[in-house]
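Results of the structural survey
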Amino acid sequence: MEALSALVALTGDEEKAAAAASSAGFAYGLAAIGPGIGIGYLVGKSVEAMARQPEAAGMVRTTMFLGIAFTEALALIGFVVFILIGL
Amino acid sequence: MIALEFPPINEILRWKDLFPSFNKIALIAVAAALIGTVIFLLAGSKDPMKAPKGVRNLAETIVEFIENGIVMQTMGRDGLGWTPFLMSIFMFIYLCNVPGIIPFLQMPATARIAIPMFLSLLVWVVFIGTGFKHQGIGYLKSSLFPPGVPKALYILVTPIEFISTFLVRPFSLTVRLFANMLAGHILLVTFALLSEALFQAKGNPGLIPVGVLPLFMLIFLTGFEVLVAFLQAYIFTILTAVYIGGAAHPEH
């Protein structure tokens, strides 16, 4: 009961901080979904290509890193937003 | 209960100012620039006719890696003149990243946005300058009006191309390097704090052995950061090479 009344007694600033903390968590979680799927798909396909044609492995690897860099940028922007909201 | 207080972000990214406006980040950046310069000056002063060893061996390995791993893969033979520029960028970023895992330094200089931002602005100026040098004013035409698109679609394509080439490229270069190093640094701080708090848990001695778990995670993540430091320097350099190569030779 005491904990409940403590929850109700949040002042305006505390409420704001709590909202910021939870929305920062949601922002990062949502930002990680797309890039997670994307990188998984990308690396999976690259491994498939390297296994089929080992002599092209060097070229596939370079392109894979480029693709990972572009995909990962979205997740990282989410991370920066997470820090900006959280502070 | 254990007392786990996460320090404010300004505390984990800042050290004591050595003297006004010169802190640990600036020290690491200056040291990185000096170490890179000294390695290559020493290597350059060795007799090139003898079999390479020591510092020259190291320098030749790095040059070979940049030439075969980055320039030849992205720009081809014409791009070999860019090797010194790309190698300077690679060495500087790598030497700024690596202090993140060196004991007592424990801070990647690229985890503050100033250094990545300056580097990507430099790359931005260089690749746009290369475009204008190689294609003249036609660079704007080939980058904003890509060939092989129906005329009516240019209303849609041109703004997208403008934003993605001239605005998003420097931004994403900056954020990629900065956020990767910052995330790694915060992860290391988190696990170090967690195992410290568990080892010092008062009133509940059962928690002390549990502190070994975050300690193992910390060791594993430190090994992972070795990889990330190299990979981020590599990705920044290879993207620079791709941008410069794209500006020098338009696709037809």
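This structure is a prediction, so every number in the text was calculated from the model and none was measured. (Residues numbered from 1 in each chain as written. Chains lettered and ligands numbered in written order. Predicted model: local features only at pLDDT ≥ 70, side-chain atom pairs only at ≥ 80, totals over all residues.)

A few words now on the overall build of chain A. The secondary structure content of chain A amounts to 3 helices and 0 strands. The secondary structure elements of chain A, listed N-terminal to C-terminal, are α-α-α. (Helix = DSSP H or I, 4+ residues; strand = E, 2+ residues; numbered from the N terminus.)

Helix and strand content of chain B: 8 helices and 0 strands. In sequence order, the secondary structure elements of chain B are arranged as α-α-α-α-α-α-α-α. Radius of gyration (C-alpha) of chain B: 23 Å, far over the 18 Å computed for a compact globule of 252 residues. Overall, the C-alpha framework of chain B stretches about 75 × 60 × 35 Å when taken along its three principal axes. (Rg over C-alpha atoms; globule rule 2.2 N^0.38 Å.)

Once that is clear, we can look at the packing of helix 4 (residues 83-97) of chain B against helix 8 (residues 212-248) of chain B. Packed helices, taken two at a time, are described by the angle between their axes plus the distance between the axes. Residue and element names in this part refer to chain B. Contact geometry of helix 4 with helix 8 gives a least axis separation of 9 Å together with a crossing angle of 155°. By the angle between their axes, helix 4 is roughly antiparallel relative to helix 8. The interaxial crossing formed by helix 4 with helix 8 has right-handed handedness. Residues L86, I89, F90, I93, Y94 and N97 of helix 4 touch helix 8, and the partners they reach there are A229, F230, Q232, A233, F236, T237, T240 and A241. A breakdown of the residues in the contact of helix 4 with helix 8 according to their chemical character gives 10 nonpolar, 4 polar and no charged. (Axes fitted to C-alpha atoms, helices over the stretch in contact; angles between N-to-C directions. Parallel < 35°, antiparallel > 145°, perpendicular 65-115°, else oblique. Left-handed = near helix turned anticlockwise from the far one by under 90°. Contact = placed C-beta atoms within 7 Å. Nonpolar A, V, L, I, M, F, W, Y, C, P; charged D, E, K, R; others polar.)

Moving on to the interface of chain B and chain A. With 12 residues of chain B at the interface, the matching set in chain A holds 12 residues. Every element with two or more residues in the side of chain B that touches chain A is listed here: helix 7 (154-199) and helix 8 of chain B. Across the side of chain B that touches chain A, the residue classes break down as 8 nonpolar, 3 polar and 1 charged.

Here we take up the nonpolar core. Counting 52 residues, the largest nonpolar core has L86, F90, I93 and C96 of chain B as its most contacted members. Those elements that place two or more of their residues in this core are helix 3 (57-86) of chain A together with helix 2 (24-44), helix 3 (55-74), helix 4, helix 5 (114-135), helix 7 and helix 8 of chain B. Here the element with the most residues in this core is helix 8 of chain B; it accounts for 11 residues. Those residues in contact with C96 of chain B that lie beyond four places of it in its chain are I28, A29, A32, P108, A109, T110 and I115 of chain B. (Core = buried A, V, L, I, M, F, W, Y, C linked by C-beta atoms within 7 Å. Buried ≥ 20, exposed ≤ 12 C-beta atoms within 10 Å, placed from the backbone.)

At a minimum axis distance of 9 Å, the contact between helix 3 of chain A and helix 7 of chain B shows a crossing angle of 65°. In this structure, helix 3 of chain A meets helix 7 of chain B at a crossing whose hand is left-handed. Where helix 3 of chain A approaches helix 7 of chain B, its residues A69, E72, A73, L76, I77, F79 and V80 of chain A are matched on the opposing element by S172, V175, R176, A179, N180 and A183 of chain B. Here the residues of the contact of helix 3 of chain A with helix 7 of chain B sort into 9 nonpolar, 2 polar and 2 charged.

Attention now goes to the environment of S142 of chain B. Residue and element names in this part refer to chain B. As for its placement among the helices and strands, S142 is situated in helix 6 (residues 138-144). S142 gets classed as partly exposed once you count the C-beta atoms within 10 Å, which come to 17. Between the C-alpha atom of S142 and that of F191, which follows or precedes it by 49 residues, the distance is 49 Å. Residues in contact with S142, not counting those within four places in the same chain, are Q135 and P250.

Attention now moves to the environment of K202 of chain B. All names here are of chain B. Residue position: K202 is located in the loop between helix 7 and helix 8. Taking the C-beta count within 10 Å as the criterion, K202 has 9 such neighbours and is therefore assigned exposed. Separated by 182 residues in sequence, K202 and P20 have C-alpha atoms that sit 40 Å apart.

This paragraph deals with helix 2 of chain B. Residues and elements named next belong to chain B. Taking 1.5 Å per residue as the helical rise, helix 2 with its 21 residues ought to reach 30 Å, and the 30 Å between its terminal C-alpha atoms agrees with that figure. Turning to helix 2, its buried residues are I25, I28, A29, A32 and F40. Down the axis of helix 2, the sector holding all buried residues measures 105°, keeping them to one side. Across helix 2 from its buried face, at more than 90 degrees, point the exposed residues V30, L34, V38 and L41. Residues of helix 2 that are buried in the fold lie against helix 3, helix 4 and helix 5. (Expected span 1.5 Å × (residues − 1). Arc of directions from axis to C-beta.)

Residues and elements named next belong to chain B. A positive phi angle, near 75°, is found at F104, a position not held by glycine. Relative to the helices and strands, F104 resides in the loop between helix 4 and helix 5. When the 6 C-beta atoms within 10 Å are taken as the criterion, F104 is described as exposed. Positive phi values are uncommon outside glycine, yet Q106 reaches one of about 45°. Inspection of the secondary structure assignment puts Q106 in the loop between helix 4 and helix 5. According to the C-beta neighbour criterion, Q106 is partly exposed, with 17 such atoms within 10 Å.

The next thing to look at is the confidence of the model for chain A. When the pLDDT values of chain A are averaged, the result is 85; 87% of them are 70 or greater. The secondary-structure element of chain A with the lowest mean pLDDT is helix 1 (residues 2-8) of chain A, recorded at 55, while helix 2 (residues 12-52) of chain A shows the highest, at 90. (pLDDT = per-residue confidence, 0-100.)

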